[in-house]
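Examining the three-dimensional arrangement
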Amino acid sequence: MSDEIFRKPFTQQEPLPEAAIARAVEVMRHGRLHRYNTLPGEHGEVADLEVEFADFTGARFALAVASGGYALACALRAIELKHGEKVLTNAFTLAPVPGAIASVGGVPVLVEVTEDLVIDLDDLEAKADQARVLMLSHMRGHICDMDRLMAIAGRHGLTVIEDCAHTMGAAWKGTPSGRHGLIGCYSTQTYKHMNSGEGGLIVSDDPMVMARAILLSGSYMLYPRHRAAPANGYFEHLKYDTPNVSGRMDNLRAAILRPQLADLPAQIARWNALYRRMEAGLADLERLQLVARPEGESFVGSSFQFRLPGFSAAMVVDFITRCLARGVELKWFGAREPMGFTSRHESWRYVPEADLPRAGAVLDTLVDMRLPLSFDPEDISLISRIIRAELLKTPVI
Ligand SMILES: *Cc1c(COP(=O)(O)O)cnc(C)c1O
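Throughout this document, residue positions are counted from 1 along each chain, in the order its sequence is written. Local features in this predicted model are restricted to residues of pLDDT 70 or higher, and side-chain atom pairs are both shown and tallied only at a pLDDT of 80 or more, whereas totals for entire chains, interfaces and linings draw on every residue. Side-chain figures throughout are based on the complete set of non-hydrogen atoms in the structure, without hydrogens or water.

1. Focus: the pattern of salt bridges
Where charged atoms from two side chains of opposite charge come close, those side chains can pair. A carboxyl oxygen of Asp or Glu within 4 Å of a side-chain nitrogen of Lys or Arg is what we treat as a salt bridge. This structure, assessed with the given rule, holds 33 salt bridges. The salt bridge partner of Asp 379 is Lys 8, with a shortest N-O separation of 2.6 Å. Of this pair, Asp 379 sits in helix α12 (residues 377-393) while Lys 8 sits in the segment before α1 (18-30), and the two are 371 residues apart along the sequence. Among the ionic pairs, Arg 179 bridges to Asp 205, the shortest N-O distance being 3.0 Å. Of this pair, Arg 179 sits in the loop between β7 (175-176) and β8 (183-187) while Asp 205 sits in the loop between β9 (200-204) and α7 (207-216); the two residues are 26 residues apart in sequence, bridging distant segments of the chain. Only protein chains enter the calculation, and the probe is 1.4 Å; a residue is then buried if its accessible area is under 20% of its type maximum, exposed if over 50%, and partly exposed in between. Under the relative-accessibility criterion, Arg 179 is labelled buried at 18%. Salt bridges linked by common partners bring Asp 3, Asp 318, Arg 322, Arg 326, Glu 390 and Lys 393 together as one network. Helix numbering and strand numbering both begin at the N terminus, where a helix is a DSSP run of H or I of at least 4 residues and a strand a DSSP run of E of at least 2.

2. Re the site of the ligand
Gly 68, Gly 69, His 166, Ser 187 and Lys 192 are the nearest of the 15 residues found near the ligand. As used in this structure description, the phrase polar contact means that two N or O atoms lie within 3.5 Å; if the pair is within protein, one of them must be able to donate a hydrogen and the other to accept it, and residues adjacent in sequence are counted only when both atoms belong to side chains. In the environment of the ligand, an oxygen atom lies 2.7 Å from a nitrogen or oxygen atom belonging to the backbone of Gly 69. Taking Gln 189, its side chain carries an N or O atom lying 2.8 Å from an oxygen atom of the ligand. Across the shell around the ligand, the residue classes break down as 5 nonpolar, 8 polar and 2 charged. Throughout, the term near means that a residue has one or more heavy atoms lying within 4 Å of the molecule or strand in question. Classes in brief: Ala, Val, Leu, Ile, Met, Phe, Trp, Tyr, Cys and Pro nonpolar; Asp, Glu, Lys and Arg charged; the others, Gly included, polar.

3. Some words on the packing of helix α10 (residues 313-325) against α12
Axis separation between α10 and α12 bottoms out at 10 Å; the angle between their running directions is 140°. Taken together, the axes of α10 and α12 are oblique relative to one another. Once α10 is placed against α12, the crossing between them reads as right-handed. Residues Phe 319, Arg 322 and Cys 323 of α10 lie in contact with α12, whose contacting residues are Ile 387, Glu 390, Leu 391 and Lys 393. Classifying every residue of the contact of α10 with α12 gives 4 nonpolar, no polar and 3 charged. Each axis is a line fitted through C-alpha atoms, taken for helices only over the stretch in contact, and angles between the N-to-C directions span 0 to 180 degrees. Oblique is the label for every angle not falling under 35 degrees (roughly parallel), over 145 degrees (roughly antiparallel), or within 65 to 115 degrees (roughly perpendicular). Crossing handedness follows the turn of the near helix against the far one: under a right angle anticlockwise gives a left-handed crossing, and clockwise gives a right-handed one. Two residues qualify as a contact provided that any one of their heavy atoms is within 4.5 Å of a heavy atom in the partner residue.

4. As for the nonpolar core
Throughout, nonpolar core names a set of buried Ala, Val, Leu, Ile, Met, Phe, Trp, Tyr and Cys residues whose side chains join them through atoms within 4.5 Å. In this structure, Leu 124, Leu 149, Phe 306, Leu 330, Met 369 and Ile 387 are the most contacted members of the largest nonpolar core, which totals 76 residues. Setting aside residues up to four positions removed in sequence, Leu 149 forms contacts with Ile 119, Leu 121, Leu 124, Leu 134, Leu 136, Cys 144 and Val 160. Counting 35 residues, the second largest nonpolar core, distinct from the first, contains Leu 72, Ala 78, Val 97 and Phe 235.

5. Quick notes on the sheet that holds strand β14 (residues 366-370)
Adjacent strands of a sheet pair through backbone hydrogen bonds, lying either parallel or antiparallel. Judged by pairing direction, the sheet is antiparallel, and its 4 strands sit side by side in the order β10-β12-β14-β13 without closing on themselves. Strands with a single pairing partner mark the edges of an open sheet, and in this sheet they are β10 (289-290) and β13 (331-332). Two strands are counted as paired when DSSP detects at least two bridges linking them. For β10 and strand β12 (residues 303-307), the ladder comprises 2 bridges, and the chain directions are antiparallel. The residue of β12 that forms the bridge with Leu 290 is Phe 306. Sheet strands in contact with helix α11 (residues 357-364) are β12, β13 and β14, and its direction is about 55° off that of β14.

6. Topic: the sheet that holds strand β6 (residues 171-172)
Strands sit in the order β7-β6-β11 across an open sheet of 3 strands; the sheet is antiparallel. Strands with a single pairing partner mark the edges of an open sheet, and in this sheet they are β7 and β11 (297-298). In the sheet, β6 pairs with β7 via 2 bridges, with the strands oriented antiparallel. Bridge assignment links Ala 171 to a residue of β7, and that residue is Pro 176.

Structure follows, in C-alpha coordinates:
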(Lines give C-alpha, C1' and ligand atoms only; values in the text may rest on other atoms or scores of the structure.)
Protein backbone atom coordinates (compact mmCIF):
# COMPACT_ATOMS: atom_id res chain seq x y z
CA MET A 1 0.00 0.00 0.00
CA SER A 2 1.40 3.40 -0.95
CA ASP A 3 1.67 6.06 1.70
CA GLU A 4 -1.23 8.49 2.00
CA ILE A 5 -0.38 12.12 1.24
CA PHE A 6 -2.14 15.26 2.51
CA ARG A 7 -2.50 17.91 -0.17
CA LYS A 8 -4.02 21.03 1.42
CA PRO A 9 -1.94 24.03 2.55
CA PHE A 10 -1.71 24.72 6.29
CA THR A 11 -1.70 28.47 5.74
CA GLN A 12 -4.86 28.86 3.64
CA GLN A 13 -7.64 30.66 5.49
CA GLU A 14 -11.27 30.52 4.54
CA PRO A 15 -12.58 33.23 2.20
CA LEU A 16 -14.17 36.18 3.99
CA PRO A 17 -17.93 35.85 4.51
CA GLU A 18 -20.08 37.42 1.77
CA ALA A 19 -21.49 39.91 4.30
CA ALA A 20 -17.94 41.16 4.96
CA ILE A 21 -17.22 41.49 1.25
CA ALA A 22 -20.46 43.40 0.68
CA ARG A 23 -19.73 45.79 3.52
CA ALA A 24 -16.17 46.34 2.32
CA VAL A 25 -17.46 47.17 -1.15
CA GLU A 26 -19.85 49.69 0.38
CA VAL A 27 -16.98 51.42 2.19
CA MET A 28 -14.86 51.45 -0.96
CA ARG A 29 -17.75 52.93 -2.96
CA HIS A 30 -18.21 55.86 -0.58
CA GLY A 31 -14.47 56.24 -0.02
CA ARG A 32 -14.56 57.28 3.64
CA LEU A 33 -11.86 54.92 4.84
CA HIS A 34 -10.31 57.01 7.61
CA ARG A 35 -12.14 56.30 10.85
CA TYR A 36 -12.90 59.97 11.49
CA ASN A 37 -14.05 60.62 7.91
CA THR A 38 -17.77 60.34 8.57
CA LEU A 39 -20.93 62.12 7.44
CA PRO A 40 -23.08 63.94 10.01
CA GLY A 41 -24.88 61.31 12.05
CA GLU A 42 -22.67 58.48 10.76
CA HIS A 43 -20.58 56.54 13.30
CA GLY A 44 -18.19 54.83 10.92
CA GLU A 45 -17.34 51.13 10.88
CA VAL A 46 -14.47 51.39 13.37
CA ALA A 47 -16.55 53.07 16.06
CA ASP A 48 -19.29 50.48 15.58
CA LEU A 49 -16.80 47.60 15.71
CA GLU A 50 -15.50 48.96 19.01
CA VAL A 51 -18.99 48.95 20.50
CA GLU A 52 -19.57 45.40 19.29
CA PHE A 53 -16.21 44.14 20.55
CA ALA A 54 -16.70 45.75 23.96
CA ASP A 55 -20.03 43.96 24.06
CA PHE A 56 -18.49 40.65 22.99
CA THR A 57 -15.88 40.76 25.76
CA GLY A 58 -18.06 42.45 28.37
CA ALA A 59 -15.59 45.33 28.64
CA ARG A 60 -16.63 48.92 29.30
CA PHE A 61 -14.28 50.27 26.65
CA ALA A 62 -12.70 49.10 23.41
CA LEU A 63 -10.30 50.58 20.87
CA ALA A 64 -9.44 49.23 17.41
CA VAL A 65 -5.85 49.73 16.23
CA ALA A 66 -3.47 48.87 13.40
CA SER A 67 -2.08 45.55 14.70
CA GLY A 68 -1.85 43.24 17.68
CA GLY A 69 1.73 44.33 18.26
CA TYR A 70 0.60 47.97 18.24
CA ALA A 71 -2.11 47.08 20.79
CA LEU A 72 0.53 45.62 23.15
CA ALA A 73 2.87 48.60 22.87
CA CYS A 74 -0.05 51.02 23.21
CA ALA A 75 -1.15 49.22 26.40
CA LEU A 76 2.35 49.67 27.86
CA ARG A 77 2.35 53.37 26.93
CA ALA A 78 -1.14 53.75 28.37
CA ILE A 79 0.06 52.57 31.78
CA GLU A 80 3.01 54.95 31.43
CA LEU A 81 5.78 52.39 31.39
CA LYS A 82 9.08 54.18 31.88
CA HIS A 83 12.16 53.76 29.74
CA GLY A 84 14.33 51.00 31.18
CA GLU A 85 11.51 49.54 33.28
CA LYS A 86 11.33 45.77 33.51
CA VAL A 87 8.32 43.88 32.19
CA LEU A 88 7.69 40.25 33.10
CA THR A 89 6.57 38.11 30.20
CA ASN A 90 6.40 34.49 29.02
CA ALA A 91 9.59 32.91 27.73
CA PHE A 92 7.37 30.93 25.35
CA THR A 93 5.62 33.48 23.17
CA LEU A 94 5.85 35.01 19.73
CA ALA A 95 8.42 37.67 18.82
CA PRO A 96 5.89 40.58 18.73
CA VAL A 97 5.52 40.33 22.53
CA PRO A 98 9.12 41.00 23.61
CA GLY A 99 9.23 43.28 20.57
CA ALA A 100 6.37 45.44 21.89
CA ILE A 101 8.11 45.71 25.26
CA ALA A 102 11.41 46.71 23.66
CA SER A 103 9.66 49.20 21.36
CA VAL A 104 8.68 51.36 24.33
CA GLY A 105 12.07 51.05 26.02
CA GLY A 106 11.00 48.29 28.40
CA VAL A 107 13.24 45.41 29.40
CA PRO A 108 11.63 41.95 29.09
CA VAL A 109 12.16 39.61 32.04
CA LEU A 110 11.32 36.12 30.82
CA VAL A 111 9.32 33.70 32.95
CA GLU A 112 9.53 29.91 32.57
CA VAL A 113 6.96 27.72 30.82
CA THR A 114 5.36 24.48 32.04
CA GLU A 115 4.94 21.23 30.09
CA ASP A 116 1.37 22.36 29.48
CA LEU A 117 2.76 25.42 27.67
CA VAL A 118 1.52 28.04 30.13
CA ILE A 119 3.49 30.47 32.26
CA ASP A 120 5.16 28.77 35.23
CA LEU A 121 3.42 30.37 38.21
CA ASP A 122 6.13 29.35 40.68
CA ASP A 123 8.74 31.10 38.58
CA LEU A 124 6.40 34.08 38.20
CA GLU A 125 6.02 34.28 41.97
CA ALA A 126 9.80 34.13 42.36
CA LYS A 127 10.36 36.96 39.86
CA ALA A 128 7.28 39.05 40.71
CA ASP A 129 9.13 41.64 42.77
CA GLN A 130 11.42 42.57 39.88
CA ALA A 131 8.72 44.47 37.96
CA ARG A 132 5.36 46.22 38.30
CA VAL A 133 4.01 44.91 35.00
CA LEU A 134 3.28 41.44 33.63
CA MET A 135 2.59 41.09 29.94
CA LEU A 136 0.91 37.70 29.99
CA SER A 137 0.87 35.90 26.66
CA HIS A 138 -1.74 33.18 26.25
CA MET A 139 0.58 31.59 23.72
CA ARG A 140 -1.05 29.14 21.32
CA GLY A 141 -4.31 29.56 23.20
CA HIS A 142 -3.26 27.87 26.44
CA ILE A 143 -4.63 29.65 29.51
CA CYS A 144 -2.94 29.18 32.88
CA ASP A 145 -4.76 29.03 36.22
CA MET A 146 -5.94 32.64 36.07
CA ASP A 147 -7.22 32.60 39.65
CA ARG A 148 -3.77 31.81 40.94
CA LEU A 149 -2.09 34.19 38.52
CA MET A 150 -4.29 37.10 39.58
CA ALA A 151 -3.70 36.25 43.24
CA ILE A 152 0.07 36.44 42.65
CA ALA A 153 -0.39 39.72 40.75
CA GLY A 154 -2.48 41.07 43.62
CA ARG A 155 0.06 40.10 46.27
CA HIS A 156 2.96 41.68 44.39
CA GLY A 157 1.14 44.69 42.95
CA LEU A 158 1.62 43.57 39.34
CA THR A 159 -0.40 45.23 36.60
CA VAL A 160 -1.46 42.53 34.15
CA ILE A 161 -1.74 43.15 30.42
CA GLU A 162 -3.07 40.12 28.52
CA ASP A 163 -1.84 39.20 25.05
CA CYS A 164 -4.91 37.43 23.64
CA ALA A 165 -3.68 37.01 20.07
CA HIS A 166 -4.56 33.29 20.35
CA THR A 167 -7.43 33.52 22.84
CA MET A 168 -9.97 35.83 21.24
CA GLY A 169 -13.24 34.09 22.17
CA ALA A 170 -11.64 31.91 24.87
CA ALA A 171 -12.35 32.12 28.61
CA TRP A 172 -11.18 31.01 32.04
CA LYS A 173 -14.03 29.85 34.28
CA GLY A 174 -16.47 31.86 32.21
CA THR A 175 -14.53 35.14 32.24
CA PRO A 176 -13.37 36.02 28.72
CA SER A 177 -9.65 35.98 28.06
CA GLY A 178 -8.47 39.59 28.17
CA ARG A 179 -10.84 40.47 31.01
CA HIS A 180 -8.78 39.24 33.97
CA GLY A 181 -6.02 41.84 33.76
CA LEU A 182 -6.22 45.62 33.48
CA ILE A 183 -5.98 45.54 29.68
CA GLY A 184 -6.66 42.88 27.05
CA CYS A 185 -4.96 43.02 23.63
CA TYR A 186 -6.07 41.09 20.53
CA SER A 187 -4.89 40.67 16.97
CA THR A 188 -7.00 40.45 13.82
CA GLN A 189 -4.06 39.52 11.64
CA THR A 190 -4.79 36.86 9.01
CA TYR A 191 -3.63 33.87 11.09
CA LYS A 192 -5.68 34.70 14.20
CA HIS A 193 -9.39 34.24 14.93
CA MET A 194 -10.70 37.07 12.75
CA ASN A 195 -8.99 38.13 9.55
CA SER A 196 -8.47 41.74 8.46
CA GLY A 197 -4.96 41.17 7.15
CA GLU A 198 -3.57 43.33 9.94
CA GLY A 199 -5.39 44.79 12.92
CA GLY A 200 -5.69 44.83 16.68
CA LEU A 201 -8.11 45.55 19.51
CA ILE A 202 -7.68 46.76 23.08
CA VAL A 203 -10.22 46.42 25.88
CA SER A 204 -10.26 47.72 29.46
CA ASP A 205 -12.64 48.87 32.17
CA ASP A 206 -10.22 51.59 33.33
CA PRO A 207 -11.27 55.02 32.02
CA MET A 208 -7.88 56.72 32.48
CA VAL A 209 -6.00 53.91 30.76
CA MET A 210 -8.46 53.82 27.89
CA ALA A 211 -8.55 57.61 27.46
CA ARG A 212 -4.76 57.53 27.21
CA ALA A 213 -4.84 54.62 24.74
CA ILE A 214 -7.34 56.44 22.53
CA LEU A 215 -5.26 59.63 22.50
CA LEU A 216 -2.09 57.62 21.88
CA SER A 217 -3.68 55.76 18.96
CA GLY A 218 -3.92 58.99 17.00
CA SER A 219 -7.38 60.38 17.77
CA TYR A 220 -6.28 64.03 17.58
CA MET A 221 -9.09 65.90 19.38
CA LEU A 222 -11.76 63.70 17.83
CA TYR A 223 -12.16 61.40 20.82
CA PRO A 224 -15.83 62.41 21.28
CA ARG A 225 -16.50 60.39 18.10
CA HIS A 226 -15.59 57.16 19.91
CA ARG A 227 -18.57 55.18 21.15
CA ALA A 228 -16.89 52.59 23.43
CA ALA A 229 -14.85 55.24 25.23
CA PRO A 230 -14.73 56.94 28.62
CA ALA A 231 -16.62 60.22 29.14
CA ASN A 232 -15.05 63.31 27.54
CA GLY A 233 -13.97 64.62 30.93
CA TYR A 234 -11.28 61.94 31.19
CA PHE A 235 -9.60 63.31 28.07
CA GLU A 236 -9.57 66.92 29.19
CA HIS A 237 -6.42 66.76 31.30
CA LEU A 238 -4.68 64.05 29.34
CA LYS A 239 -5.00 65.64 25.92
CA TYR A 240 -2.15 68.11 26.40
CA ASP A 241 0.31 65.55 27.73
CA THR A 242 -0.38 62.43 25.69
CA PRO A 243 1.65 62.03 22.51
CA ASN A 244 0.03 60.92 19.27
CA VAL A 245 1.55 57.61 18.16
CA SER A 246 -0.63 56.96 15.14
CA GLY A 247 -1.86 53.40 14.87
CA ARG A 248 -5.54 53.65 14.04
CA MET A 249 -7.69 51.04 12.38
CA ASP A 250 -9.50 52.11 9.20
CA ASN A 251 -13.13 51.64 8.17
CA LEU A 252 -12.32 49.05 5.51
CA ARG A 253 -10.81 46.62 7.99
CA ALA A 254 -13.52 47.25 10.55
CA ALA A 255 -16.12 46.62 7.84
CA ILE A 256 -14.76 43.13 7.17
CA LEU A 257 -14.35 42.39 10.88
CA ARG A 258 -17.88 43.18 12.03
CA PRO A 259 -19.56 40.26 10.22
CA GLN A 260 -16.69 37.99 11.34
CA LEU A 261 -17.27 38.95 14.96
CA ALA A 262 -20.91 37.96 14.61
CA ASP A 263 -19.77 34.58 13.21
CA LEU A 264 -17.02 34.00 15.78
CA PRO A 265 -18.93 31.73 18.21
CA ALA A 266 -19.86 29.42 15.31
CA GLN A 267 -16.26 29.45 14.03
CA ILE A 268 -14.99 28.57 17.50
CA ALA A 269 -17.27 25.53 17.58
CA ARG A 270 -15.84 24.41 14.22
CA TRP A 271 -12.24 24.92 15.41
CA ASN A 272 -12.86 22.95 18.56
CA ALA A 273 -14.44 20.07 16.66
CA LEU A 274 -11.27 19.85 14.53
CA TYR A 275 -9.10 20.11 17.63
CA ARG A 276 -10.92 17.36 19.52
CA ARG A 277 -10.76 15.13 16.45
CA MET A 278 -7.01 15.65 16.18
CA GLU A 279 -6.63 14.95 19.89
CA ALA A 280 -8.58 11.69 19.52
CA GLY A 281 -6.53 10.76 16.45
CA LEU A 282 -3.26 11.14 18.34
CA ALA A 283 -4.36 9.64 21.65
CA ASP A 284 -2.73 6.51 23.06
CA LEU A 285 0.63 7.08 21.41
CA GLU A 286 3.18 6.19 24.00
CA ARG A 287 5.88 8.56 22.75
CA LEU A 288 3.63 11.52 21.96
CA GLN A 289 2.46 13.75 24.80
CA LEU A 290 -0.71 15.77 24.28
CA VAL A 291 -1.17 19.05 26.11
CA ALA A 292 -3.66 18.85 28.97
CA ARG A 293 -6.61 21.23 28.74
CA PRO A 294 -7.77 22.18 32.22
CA GLU A 295 -11.43 22.13 33.09
CA GLY A 296 -11.64 25.87 33.77
CA GLU A 297 -10.39 26.70 30.29
CA SER A 298 -12.70 27.30 27.30
CA PHE A 299 -10.23 27.44 24.46
CA VAL A 300 -10.26 28.10 20.74
CA GLY A 301 -8.52 25.19 19.02
CA SER A 302 -7.04 27.15 16.13
CA SER A 303 -3.69 25.42 16.51
CA PHE A 304 -2.52 22.11 17.93
CA GLN A 305 0.61 21.24 19.92
CA PHE A 306 2.18 18.04 21.12
CA ARG A 307 5.48 17.08 22.65
CA LEU A 308 7.88 14.26 21.88
CA PRO A 309 9.66 13.74 25.18
CA GLY A 310 12.81 11.68 24.86
CA PHE A 311 13.37 12.68 21.24
CA SER A 312 16.75 14.14 20.36
CA ALA A 313 16.90 17.18 18.05
CA ALA A 314 17.94 14.90 15.18
CA MET A 315 14.97 12.60 15.81
CA VAL A 316 12.50 15.48 15.86
CA VAL A 317 13.93 16.93 12.64
CA ASP A 318 13.81 13.52 10.96
CA PHE A 319 10.18 12.98 12.06
CA ILE A 320 9.09 16.45 10.89
CA THR A 321 10.88 15.98 7.56
CA ARG A 322 9.09 12.68 6.94
CA CYS A 323 5.72 14.25 7.83
CA LEU A 324 6.42 17.17 5.47
CA ALA A 325 7.21 14.74 2.65
CA ARG A 326 3.62 13.52 3.12
CA GLY A 327 2.19 17.05 3.12
CA VAL A 328 1.88 17.53 6.88
CA GLU A 329 3.53 20.79 7.84
CA LEU A 330 4.68 20.73 11.46
CA LYS A 331 6.61 23.46 13.20
CA TRP A 332 9.33 22.87 15.72
CA PHE A 333 10.12 25.30 18.52
CA GLY A 334 13.43 23.57 19.18
CA ALA A 335 15.29 25.01 16.20
CA ARG A 336 18.05 27.33 17.37
CA GLU A 337 17.89 29.38 14.21
CA PRO A 338 14.57 31.29 13.99
CA MET A 339 12.61 30.17 10.93
CA GLY A 340 9.30 31.34 9.50
CA PHE A 341 6.98 32.19 12.37
CA THR A 342 8.79 30.12 14.98
CA SER A 343 11.40 31.52 17.26
CA ARG A 344 12.60 31.00 20.77
CA HIS A 345 13.89 33.30 23.43
CA GLU A 346 17.59 32.77 22.63
CA SER A 347 17.06 34.43 19.27
CA TRP A 348 15.79 37.67 20.87
CA ARG A 349 19.27 38.94 21.61
CA TYR A 350 18.01 42.38 22.69
CA VAL A 351 16.43 40.66 25.71
CA PRO A 352 18.78 40.22 28.68
CA GLU A 353 19.95 36.62 28.79
CA ALA A 354 18.13 34.48 31.32
CA ASP A 355 18.65 30.99 32.62
CA LEU A 356 15.52 29.14 31.53
CA PRO A 357 16.23 25.40 31.68
CA ARG A 358 12.56 24.36 31.65
CA ALA A 359 11.67 26.50 28.67
CA GLY A 360 14.64 25.04 26.83
CA ALA A 361 13.62 21.47 27.59
CA VAL A 362 9.95 22.01 26.74
CA LEU A 363 10.61 23.84 23.47
CA ASP A 364 13.23 21.32 22.32
CA THR A 365 10.51 18.68 21.95
CA LEU A 366 7.54 20.90 21.08
CA VAL A 367 5.74 20.40 17.78
CA ASP A 368 3.06 22.76 16.55
CA MET A 369 0.57 22.88 13.71
CA ARG A 370 -2.16 25.19 12.52
CA LEU A 371 -5.74 23.99 12.19
CA PRO A 372 -7.19 26.37 9.59
CA LEU A 373 -10.94 26.21 9.03
CA SER A 374 -10.22 25.35 5.41
CA PHE A 375 -9.63 21.81 6.78
CA ASP A 376 -12.59 19.46 7.22
CA PRO A 377 -12.91 16.55 9.66
CA GLU A 378 -11.66 14.07 7.05
CA ASP A 379 -8.52 16.17 6.60
CA ILE A 380 -7.87 15.97 10.32
CA SER A 381 -8.24 12.19 10.28
CA LEU A 382 -5.77 11.91 7.41
CA ILE A 383 -3.26 14.22 9.10
CA SER A 384 -3.44 12.26 12.32
CA ARG A 385 -2.98 8.95 10.46
CA ILE A 386 0.16 10.34 8.81
CA ILE A 387 1.57 11.63 12.11
CA ARG A 388 0.85 8.29 13.80
CA ALA A 389 2.46 6.29 11.02
CA GLU A 390 5.59 8.43 10.89
CA LEU A 391 5.91 8.43 14.66
CA LEU A 392 5.77 4.64 14.74
CA LYS A 393 8.55 4.55 12.13
CA THR A 394 10.87 6.57 14.38
CA PRO A 395 13.39 4.17 15.84
CA VAL A 396 13.57 3.97 19.61
CA ILE A 397 17.03 4.80 20.91
C1 LIG B 1 0.36 37.42 16.23
C2 LIG B 1 0.73 37.60 17.61
C3 LIG B 1 0.88 38.86 18.19
C4 LIG B 1 0.86 40.15 17.43
O5 LIG B 1 -0.04 40.31 16.46
P6 LIG B 1 0.21 41.15 15.13
O7 LIG B 1 -1.20 41.57 14.83
O8 LIG B 1 0.81 40.24 14.13
O9 LIG B 1 1.07 42.32 15.46
C10 LIG B 1 1.13 38.94 19.53
N11 LIG B 1 1.25 37.84 20.28
C12 LIG B 1 1.17 36.61 19.77
C13 LIG B 1 1.33 35.43 20.67
C14 LIG B 1 0.92 36.45 18.42
O15 LIG B 1 0.85 35.22 17.90
